[in-house]
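Examining the three-dimensional arrangement
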Amino acid sequence: MQFRQQALAKLQSPEELDLPVRFARPQGWLTLSVTIVVMAAASVWAVTGSVASTVGAPAILTHGQGSYLLQSPVAGQVTAVLAEQGERLPADSPVLKVRTADGDTIVRTVAAGRVTALAATIGQIIGTGANVAAVEKVAHAKDPLYATVYVPAGNAAAIPDGAAVDLTVQSVPTEQYGVLRGRVTSVDRSAQSAQSIAAFLGDSQLGEQFTKDGRPVAVLVRLDTSKDTKSGYRWSSADGPPFALTSMTLTDASVRLADERPVDWLLP
């Protein structure tokens, strides 16, 4: 009964056709405008934008030519150590004296460089081909350092020349001095074995360490230089650490891969 009375009252009252109709409140228009702008920006980014990604890998600071393992050409007993660790030697410099059945033999450097490790001691019996020293091939004390990054082989193709690299140096507090900056100069497309890495670095243990998860690809990184830091290289912090960097320092690298398009368009 009440519904019937309301319906009759509605019919008796004329419709107010001259009043404007409100489709949305101002707040609604604002929300709609923001939604349209966001959707338009997302569409443009989907077509023209790109997604940056990185790959993390172990790395080591070295001079560009690497190192080599000095091996004894004879078997016998070491009677004298003629070089010191850290010493810079020209090619054909004496390193050890070995007594053999045929007399004394001098083990000499193959190429100029700095002795980074001595594996032989006086009185030690060594065999032919034994590793007696590691020598880093560097001609001058001011030769720049590089970083060699051992990247998983599956990521090598996605690393462009000039890609940005951030290096976390294990001996430098990251929270205080930040990371070391660099750029990719070359990517070796062939996978490295433990033996080839050991030959380049002059350290068989590092060869095993860098290949424990498979044979990686070597990526050479040139460090960005700076005249404002003690190390001579650019860091994410203003000054970097208050000391110089040395070769054979282990780091962790983050290499930026080639940008990827967020949307792949399928054309008929």
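Residues numbered from 1 in each chain as written. Predicted model: local features only at pLDDT ≥ 70, side-chain atom pairs only at ≥ 80, totals over all residues. Heavy atoms only, no water.

Turning next to the environment of S67. Counting through the fold element by element, S67 comes out in strand β2 (residues 67-71). Spatially, the C-alpha atoms of S67 and K137 are 5.3 Å apart, while their sequence positions differ by 70 residues. Those residues in contact with S67 that lie beyond four places of it in its chain are V135, E136, K137, A199, F200, L201 and G202. (Helix = DSSP H or I, 4+ residues; strand = E, 2+ residues; numbered from the N terminus. Contact = heavy atoms within 4.5 Å.)

Following the criterion strictly, the structure yields 1 aromatic pair and no others. Ring plane angle 25° and centroid distance 4.8 Å describe the contact between Y150 and F210, whose orientation is recorded as stacked. Here F210 lies in helix α5 (residues 204-210) and Y150 lies in strand β10 (residues 145-152), a separation of 60 residues in the sequence. Each member of the pair, Y150 together with F210, is buried. (Phe/Tyr/Trp six-rings, centres within 6.5 Å; stacked < 30°, edge-to-face > 60°. Buried < 20%, exposed > 50% of the residue type's maximum accessible area, 1.4 Å probe, protein only.)

The next point concerns helix α4 (residues 194-201). Turning to α4, its buried residues are A194, I197, A198 and L201. Along the axis of α4, the buried positions cluster into a sector of 100°, meaning they face one direction only. Looking at the packing, one finds that the buried side of α4 touches β1 (54-63), β2, β10, α5 and β13 (216-223). Positive phi shows up at G202, right after α4, with a value of about 70°. (Arc of directions from axis to C-beta.)

For the coordinates displayed, the defined rule picks out 4 salt bridges. Note that R99 is salt-bridged to D104, the shortest N-O span being 3.7 Å. The salt bridge involving E136 is made with R114; its shortest N-O contact spans 3.2 Å. Residue E136 is located in strand β9 (residues 131-136), and its partner R114 is located in strand β7 (residues 113-118); the two are separated by 22 residues in the primary sequence. With a relative accessible area of 0%, E136 lands in the buried category. (Salt bridge = Lys/Arg side-chain N within 4 Å of Asp/Glu carboxyl O.)

Turning our attention to the nonpolar core. If you look at the biggest cluster of nonpolar residues, it comprises 29 residues, and the most contacted ones within it are V149, I159, L180 and V184. Setting aside residues up to four positions removed in sequence, V149 forms contacts with A57, P58, A59, V217, A218, V219, V221, A253 and V255. Within the second largest apolar cluster, 16 residues are counted, among which are V107, A120, V132 and A133. (Core = buried A, V, L, I, M, F, W, Y, C linked by side-chain atoms within 4.5 Å.)

Here we take up the confidence of the model for the protein chain. Confidence in the prediction of the protein chain, expressed as mean pLDDT, is 83, and 78% of residues score 70 or more. The secondary structure element of the protein chain with the lowest average pLDDT is helix α1 (residues 2-12), at 57, and the one with the highest is strand β11 (residues 164-169), at 96. (pLDDT = per-residue confidence, 0-100.)

Moving on to the side chain of S193. Note on placement: S193 falls in the loop between β12 (180-191) and α4. Taking relative accessible area as the criterion, S193 reaches 18% and is therefore assigned buried. Here S193 is in contact with T211 and R215, once residues within four sequence places are set aside.

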